[in-house]
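Coordinates in review
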Amino acid sequence: MGINLKDTAAGLIFCSIGAWFIYEGAALDRGTADRMGPGFFPPVLAAILIVLGLIIIILGQRSSDRAVGQVSWRGLFLTLAAPVIFGATVQGLGLIGSLSLTTFCAAMASRRMTLLNALVITAGLVVFSVLLFVYGIGLPLPLVGSWIRI
Amino acid sequence: MDIIGNLGLGFSVALEPSRLLYCFIGTLVGTLIGVLPGIGPTATIAMLLPLTFTLDPLSALIMMAGIYYGAQYGGSTTAILINLPGESSSAVTAIDGYQMARQGKAGAALATAALGSFFAGTVATLIVALAAPPLSAVALRFGPPEYFSLMILGLIASVILASGSVPKALAMVVLGILLGLVGMDRQTAVSRFTLGYYELADGIEIISIAVGMFGMTEILKNLENETTRQAMAKRVSNLMLSLAEIKQIAAPVLRGTAIGSALGVLPGGGAVLSSFAAYMVEKKISKSPERFGHGAIEGVAAPESANNAAAQTSFIPMLTLGLPINAVSALMIGAMIMQGMIPGPNIVVEQAPLFWGIIVSMWIGNLMLVLLNLPMIGLWVRLLSVPYYVLFPAILTFSAVGVYSVNANPFDLYFIAVFGALGYALIKLGCEPVPLILGFVLGPMLEDQLRRSMILSRGSVMIFIERPISLGFIIVTLAVLALILLPSVVSKREQVFVEED
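Values in this document were obtained by computation on a predicted structure and should not be read as measured data.

Some thoughts on the overall build of chain B
Looking only at helices and strands, one finds 23 helices and two strands in chain B. For 501 residues, the compact-globule estimate of 2.2 N^0.38 gives 23 Å, and the C-alpha radius of gyration of chain B, at 22 Å, lies within 12% of that figure. When its C-alpha atoms are laid out on the principal axes, chain B stretches across 70 × 50 × 50 Å. Per-residue burial over chain B gives 61% buried out of 501 residues. In chain B, of all internal contacts separated by at least 6 residues, the share reaching a separation of at least 24 is 80%. Total accessible area on chain B is roughly 18,200 Å²; 67% of this is exposed by carbon and sulfur atoms.

Quick look at the packing of helix α1 (residues 3–14) of chain B against helix α16 (residues 352–373) of chain B
Residue and element names in this part refer to chain B. Two elements in contact, α1 and α16, have axes separated by 7 Å at closest approach and are oriented at 80 degrees. Here α1 is positioned roughly perpendicular relative to α16, judged by the angle of their axes. The residues of α16 that touch α1, namely those facing Ile3, Asn6, Leu7, Leu9, Gly10, Phe11, Val13 and Ala14, are Ala352, Pro353, Trp356, Gly357, Val360, Ser361, Trp363 and Ile364. Residue classes in the contact of α1 with α16 are distributed as twelve nonpolar, four polar and no charged.

A few points about the interface of chain A and chain B
Accessible area lost on assembly of the parts is the figure often given for the size of an interface. On the chain B side, the residues contacting the 63 residues of chain A number 62 residues. Summing both partners gives a buried area of about 5,600 Å² for chain A against chain B, and 80% of it is carried by carbon and sulfur. On the surface where chain A and chain B come into contact, there are one salt bridge. Close ionic contact of Asp7 of chain A with Lys168 of chain B constitutes a salt bridge, the shortest N to O distance being 2.7 Å. At the surface where chain A touches chain B, the tally comes to ten residue pairs in polar contact (both at pLDDT 80 or more). Put simply, the parts of the chain that give the side of chain A that touches chain B at least two residues each are α1 (5–25), β2 (35–36), α2 (41–60), α3 (73–107) and α4 (115–137) of chain A.

Some thoughts on helix α6 (residues 106–140) of chain B
With 35 residues, α6 of chain B should cover 51 Å at 1.5 Å per step; its first-to-last C-alpha distance of 49 Å lies within 8% of that length. The largest bend in α6 of chain B comes to about 30 degrees, at Ala132 of chain B, with the proline Pro133 of chain B one to four residues further on.

Some words on the packing of aromatic side chains
What characterises a pair of aromatic rings is the spacing of the ring centres plus the angle enclosed by the ring planes. Per the counting criterion, the structure on display carries 17 aromatic pairs over all chains. Between Phe128 of chain A and Phe398 of chain B, the ring centres sit 5.8 Å apart and the planes meet at 45 degrees, which makes this aromatic pair tilted. A residue pair is termed interchain when its members come from two chains, as with Phe128 of chain A in helix α4 and Phe398 of chain B in helix α18 (residues 388–407). Taking relative accessible area as the criterion, Phe128 of chain A reaches 44% and is therefore assigned partly exposed. Their ring planes at 70 degrees and their centres at 5.9 Å tell us that Phe133 of chain A and Phe398 of chain B sit as a pair that is edge-to-face. With Phe133 of chain A in helix α4 and Phe398 of chain B in helix α18, this residue pair bridges two chains. Each of the two residues, Phe133 of chain A as well as Phe398 of chain B, counts as buried.

A short note on the packing of α3 of chain A against helix α9 (residues 206–224) of chain B
Relative orientation of the contacting elements α3 of chain A and α9 of chain B amounts to 155 degrees, with a least axis distance of 10 Å. Classed by the angle they form, the pair α3 of chain A and α9 of chain B counts as roughly antiparallel. Handedness of the crossing formed by α3 of chain A with α9 of chain B: right-handed. Contacts between α3 of chain A and α9 of chain B involve Gly75, Leu76, Thr79, Leu80 and Pro83 of chain A from the former and Met216, Ile219, Leu220 and Leu223 of chain B from the latter. By residue class, the composition of the contact of α3 of chain A with α9 of chain B is seven nonpolar, two polar and no charged.

A word on helix α4 (residues 57–82) of chain B
Since the α-helix advances by 3.6 residues per turn, residues separated by three or four positions end up pointing in the same direction. For α4 of chain B, which comprises 26 residues, the first-to-last C-alpha distance of 38 Å matches the rise-based estimate of 38 Å (1.5 Å per residue) to within 8%. Along α4 of chain B, the helix axis deviates most sharply at Ala71 of chain B, where the bend reaches about 25 degrees.

Looking at the side chain of Gln72 of chain B
Residues and elements named next belong to chain B. Along the chain, the position of Gln72 falls in helix α4. Under the relative-accessibility criterion, Gln72 is labelled buried at 3%. When residues no more than four places from it in sequence are discounted, the contact partners of Gln72 are Ser89, Ser90, Ala271, Glu304, Asn307, Asn308 and Ala311.

A closer look at the confidence of the model for chain B
Residue-level pLDDT values for chain B average 85, and 92% of them are 70 or greater. What the predictor reports for the complex is a pTM of 0.87 with an ipTM of 0.93.

Things to note about the domain arrangement of chain A
Here the domain parsing of chain A yields domain 1 (5–61) and domain 2 (73–136). Here the C-alpha centre of domain 2 of chain A lies 39 Å away from the C-alpha centre of domain 1 of chain A.

Considerations on the side chain of Ser158 of chain B
Residue and element names in this part refer to chain B. One can find Ser158 in helix α7 (residues 144–161). In this structure Ser158 comes out as buried when scored by relative accessible area, which is 5%. A polar atom in the side chain of Ser158 sits 2.8 Å from the backbone oxygen of Leu155.

A look at a nonpolar patch on the surface
Residue and element names in this part refer to chain B. On the surface, Met462, Ile465, Leu471 and Ile475 cluster together into a nonpolar patch covering about 330 Å² of accessible area. On the secondary structure map, Leu471 appears in helix α22 (residues 468–485). Given a relative accessible area of 31%, Leu471 falls into the partly exposed group.

Section: the environment of Met213 of chain B
All names here are of chain B. Along the chain, Met213 falls in helix α9. We classify Met213 as buried; its relative accessible area is 1%. When the C-alpha atoms of Met213 and Gly196 are compared, they prove to be 24 Å apart, with 17 residues separating the residues in sequence. If near-sequence neighbours (up to four positions away) are discounted, Met213 is found in contact with Phe419, Leu422, Gly423, Pro433 and Leu436.

A word on the pattern of salt bridges
Pairs may arise between side chains of opposite charge once their charged atoms sit close together. All names here are of chain B. Tallying each qualifying case throughout the model produces twelve salt bridges over all chains. The partner of Lys428 in a salt bridge is Glu224, with the nearest N and O atoms 2.9 Å apart. Separated by 204 residues along the polypeptide, Lys428 in helix α19 (residues 410–428) and Glu224 in helix α9 bring together distant segments of the chain. A salt bridge links Glu298 to Arg291; its shortest N-O distance comes to 2.6 Å. A residue is classified by how much of its surface remains accessible, and Arg291, at 30% relative accessible area, is partly exposed. Salt bridges here are not isolated pairs; linked through shared partners, they connect Asp185, Arg192, Glu447 and Arg451.

Conventions adopted
- Note on numbering: residues in each chain are counted from 1, in written sequence order.
- Starting at A for chains and at 1 for ligands, labels are handed out in the order in which the entities are written.
- The model is predicted, so local features are restricted to residues of pLDDT at least 70 and side-chain atom pairs to those at 80 or more, both for listing and for counting; the totals for chains, interfaces and linings are taken over all residues.
- To obtain the side-chain values, all non-hydrogen atoms of the structure were used and water was disregarded.
- A run of H or I in DSSP counts as a helix once it spans at least four residues, and a run of E counts as a strand once it spans at least two, with each numbered from the N terminus.
- As a reference, a globule follows 2.2 Å times the number of residues to the power 0.38, and the radius of gyration itself is taken over C-alpha atoms.
- Burial status follows relative accessibility: with a 1.4 Å probe on protein chains alone, a residue under 20% of its type maximum counts as buried, one over 50% as exposed, and anything between as partly exposed.
- Contact between two residues is taken to exist if any of their heavy atoms lie within 4.5 Å; hydrogens are not considered.
- To measure how exposed things are, a 1.4 Å probe is used in the Shrake-Rupley method; for residues, cover is taken only from the protein chains shown.
- Lines fitted to the C-alpha atoms define the axes, with helices restricted to the stretch that makes contact. Angles between their N-to-C directions range from 0 to 180 degrees.
- Any angle that falls under 35 degrees is termed roughly parallel, while one over 145 is termed roughly antiparallel, one within 65 to 115 roughly perpendicular, and all others oblique.
- Polarity classes work like this: nonpolar for Ala, Val, Leu, Ile, Met, Phe, Trp, Tyr, Cys and Pro, charged for Asp, Glu, Lys and Arg, and polar for all others, with Gly in that last group.
- By buried area we mean the combined loss of accessible area, with a 1.4 Å probe, across both parts when two parts are placed together.
- Definition used for salt bridges: Asp or Glu carboxyl oxygen within 4 Å of a side-chain nitrogen of Lys or Arg.
- N or O atoms within 3.5 Å of each other form a polar contact, as long as, within protein, one can give a hydrogen and the other can take it, and as long as residues adjacent in sequence are counted only when both atoms are side-chain atoms.
- To estimate how far a helix should reach, multiply one less than its number of residues by 1.5 Å.
- Bend is computed residue by residue as the angle between axes fitted to the seven residues ending at the residue and the seven residues starting at it.
- Aromatic pairs are defined between Phe, Tyr and Trp rings, using the six-membered ring for Trp, whenever the two ring centres lie within 6.5 Å; interplanar angles under 30 degrees are classed as stacked, those over 60 as edge-to-face, and all others as tilted.
- Two helices crossing with the near one rotated counterclockwise from the far one by less than a right angle form a left-handed crossing, whereas a clockwise rotation gives a right-handed crossing.
- Predictor confidence is given residue by residue as pLDDT, running from a minimum of 0 to a maximum of 100.
- Throughout the structure description, domain borders are defined by an automatic or database domain assignment.
- The patch calculation keeps residues exceeding 30% relative accessible area without a salt bridge and links them within 9 Å when they carry like charges or within 5 Å when they are nonpolar (Val, Leu, Ile, Met, Phe, Trp, Tyr).

Pasting the structure below:
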């Protein structure tokens, strides 16, 4: 058996995050044992995280559980893009425009979705959300954003 | 005993029309997502978390609790009717429940599940009401060293009782604590690990982590392999139990309630473990164990009572100690903190209306669930045909608006994508996100109590073993750790979780 990529990758993620916390924490004041500074606890934890990462890598080489399973790249990309689109455009486009883009993007993440269905779902959800959030709950969100207003 | 007075106080706040409405919404949403396979209570509560900030604290907590135990109810419907557990805690129910349905006894199975759950919910709620005040009185005398040791015990135990590899789960806890420490240090006001972003000065928002790690990842998992659900809209009739059947389920319901109430308080154990344990006990003590797997009514009654009892008692550590033992209670503690409350033993005394209101609302919610589930069963069955690709854009949209509404800060939304990507990568590599959220919520408290302990002891770590209560927690922690390193336990543990899947 070769290298267990699954556990090696997991271990390396933990090790690198731990290393980053140690690097960033080095500049913080450690204080003393009876007066711990902000730089005392985090580096200790980060060191434990690195050790655990190494244990995961070492134990993983003996494990036969290496399957990662399939990934829907289209779903991954579109689903993660949806909140970013909303965050980037909600002030500029306003709730109606921004939500239309967000919902459409999220709807298209499924392989089983057709263009027509996605448009219908988007329209329905935008109307429902505006009624619920703006008129129902009363969230102070602009319906039309600053980029569109003249 | 002023328990009656306290419960009266609880009823007076929980019966306010708006509270009843949120309790109803919570149980309704819980049933809905419990019925629908593919979306669980944790993801739902994570997604709805931001919206709860528009409510008062009690309404928010009532609704979140309702979603959680409502999902335990709803999950059994799907398990019985289409042999697909809507929730992981209903996986065992599917074994005998589905067989009963095939024999034309779906009505009896559903009635058993609903009535068993209601009985268990009532008893367990009473246990919470009786046990919480004395427990919190004890906890009030805890000093920083006791709290620190208790938190370590809670974290370690939750890791071990949860499924998956132990080193990976421990690493997730530690990562969670580190992420919890990002932001301004509470004692010295020094900025830590913020990469210079002022948006991170208050720390990473729990909503970003919750929505990213639980909501997004659950959607992504479902998108991996999209299959059509068989929506077999069966007609369910005869939702009554005969006297003989009631006699048959009485003892299993009682045993299931006892097992669930006890296991529910264990960190990480909760509903899944208890339904499994209750089923095994019934099979073991039954005079005719060969009926199990072929439609034994006890095989529905016991696990369904157990998982619902556990769902109620799992709130005890959260309400009395401020300690989360599963993802749902971690999110509820996050909500309490964001509402400006300090979770801990003080809640029982200082926030008496809130505390008793939650407990009473749990019972009211259980009553609502019986009314929701039995007469409206046909509606829930039809809901199974709602395609997933309609459901999840709606969830995503609501949570995006909800997250933005909390701080009006686009940063929180970008972080959802960051944690969604990180969480999904870690899940694909076999690391479950639940320990991470526990660590995240407890991280700042852990550091705080450690610092205070060290001030008390003038820098000596011996304080944790010199104080008797703290020593007790440490010994239990070490015992639990030693236990899982035993080879026989390792293999047993793997077996249990394989059967659960």
